[in-house]
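For reference, the chains in residue letters:
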Amino acid sequence: MTMSLLFGVVASSALVIGALVGVRFNLPKRVLAILLSFAAGSLITALAFELFLDAYERGGIWRAAIGLLAGALVFTVLSALLDRWAQAGSEAAPADEYEGSAKLDTDAAATKRSSSKASTRGAAGLALLAAVTLDGVPENVALGVALGGGTGGLALLAAIFVSNLPEALVGSSSMRAQGKTTGTILGLWGACAVLLVVAVLVGAGPLSGVDPEAISLPLAFAAGAVIASLADTLMPEAYEHGGPAVAMSTAAGFVLSFVLSLM
């Protein structure tokens, strides 16, 4: 349980680090895009070689496939609702203003950029925080299950960390653009971090002894949520603003996560 707590703290610390950076600094747009694409590459490895593979080995292909599709569907629907919430309070915008996900307003965290109306008049930061929580709970439960079952989890830990960092950075910057105080921003992201640590402990504790076929569904659900978040949120923003460099950054994230999965 001590190791699970340590892994949970490390994975969730990225939320606090990202929030600290986001409330104090702006980064070049391309740097943000590279961070997002690196996270995407890491998550590809984690969902394929840890989450979905583990779900398949525990419960077979049908359970794994149904769980993955359910996770993707739930995340996609809720993410669309969160995008609408992110734009709440802002004036009607042209259809092409929100390319990708409105809640991931990288302009709010970028130098020489003006925050979108989703940040200044809407709730982009809070919507992204909600999305990170929605995506993070099944991911961290799966991390705890992997640790409880003695199957490692290093690749998943790395993927969770590098995906949490840029999302918390962008989310806290959006909250700052909306006028929220530093204490409020850090408190919100810190509370999310604590919740995700608890999710790891639940996965490593009560769920570690559950029948393998039963646990395969939440593992596959987590994989579905991850793959939906890649397509819906991370990749569109990264590839729109990062240029050719994001291809190599995605590959680097994949390779690093794959090496860790072998350890």
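Just so it is clear, the structure is predicted and the values come from calculations on it, not from any experiment. (Residues numbered from 1 in each chain as written. Predicted model: local features only at pLDDT ≥ 70, side-chain atom pairs only at ≥ 80, totals over all residues. Heavy atoms only, no water.)

## Topic: the packing of helix α1 (residues 2–24) against helix α4 (residues 124–148)
- It is the contact of α1 with α4, at a shortest axis distance of 10 Å, that shows an interaxial angle of 155 degrees. One element, α1, and the other, α4, form an angle in the roughly antiparallel class. Our pair here, α1 against α4, has a crossing hand that is right-handed. Contact residues: M3, S4, F7, A11, S12 and L15 in α1; V132, N140, L143 and L147 in α4.
- Residue classes in the contact of α1 with α4 are distributed as seven nonpolar, three polar and no charged. (Axes fitted to C-alpha atoms, helices over the stretch in contact; angles between N-to-C directions. Helix = DSSP H or I, 4+ residues; strand = E, 2+ residues; numbered from the N terminus. Parallel < 35°, antiparallel > 145°, perpendicular 65-115°, else oblique. Left-handed = near helix turned anticlockwise from the far one by under 90°. Contact = heavy atoms within 4.5 Å. Nonpolar A, V, L, I, M, F, W, Y, C, P; charged D, E, K, R; others polar.)

## Description of the confidence of the model for the protein chain
- Overall, the predicted model of the protein chain reaches an average pLDDT of 88, with 94% of residues at or above 70.
- When mean pLDDT is taken per element in the protein chain, helix α6 (residues 182–204) scores highest with 95 and helix α3 (residues 117–120) scores lowest with 82.
- Predicted confidence is poor over residues 92–98, with pLDDT under 50, and the contacts of this stretch with residues over four places away or in other chains come to seven contacts. (pLDDT = per-residue confidence, 0-100.)

## A short note on the packing of aromatic side chains
- Counted according to the given criterion, the structure contains two aromatic pairs.
- An angle of 70 degrees between the planes, with centres 5.2 Å apart, marks the rings of F49 and F258 as edge-to-face. Taken together, the positions of F49 in helix α2 (residues 29–86) and F258 in helix α8 (residues 245–261) put the pair 209 residues apart, joining distant regions of the chain.
- A centroid spacing of 6.3 Å and a plane angle of 5 degrees characterise the contact between F254 and F258, whose relative ring orientation is stacked. Here F254 and its partner F258 are both found in helix α8, four residues apart, which amounts to about one turn of the helix.
- A residue is classified by how much of its surface remains accessible, and F254, at 30% relative accessible area, is partly exposed.
- An aromatic cluster is built from F49, F254 and F258, whose rings are joined through pairwise contacts. (Phe/Tyr/Trp six-rings, centres within 6.5 Å; stacked < 30°, edge-to-face > 60°. Buried < 20%, exposed > 50% of the residue type's maximum accessible area, 1.4 Å probe, protein only.)

## Digging into the environment of G59
- Relative to the elements of secondary structure, G59 occurs in helix α2.
- On a C-alpha basis, the gap between G59 and S216 in space is 5.2 Å, while along the polypeptide they are 157 residues apart.
- Filtering out sequence-adjacent residues up to four positions away, G59 remains in contact with E213 and S216.

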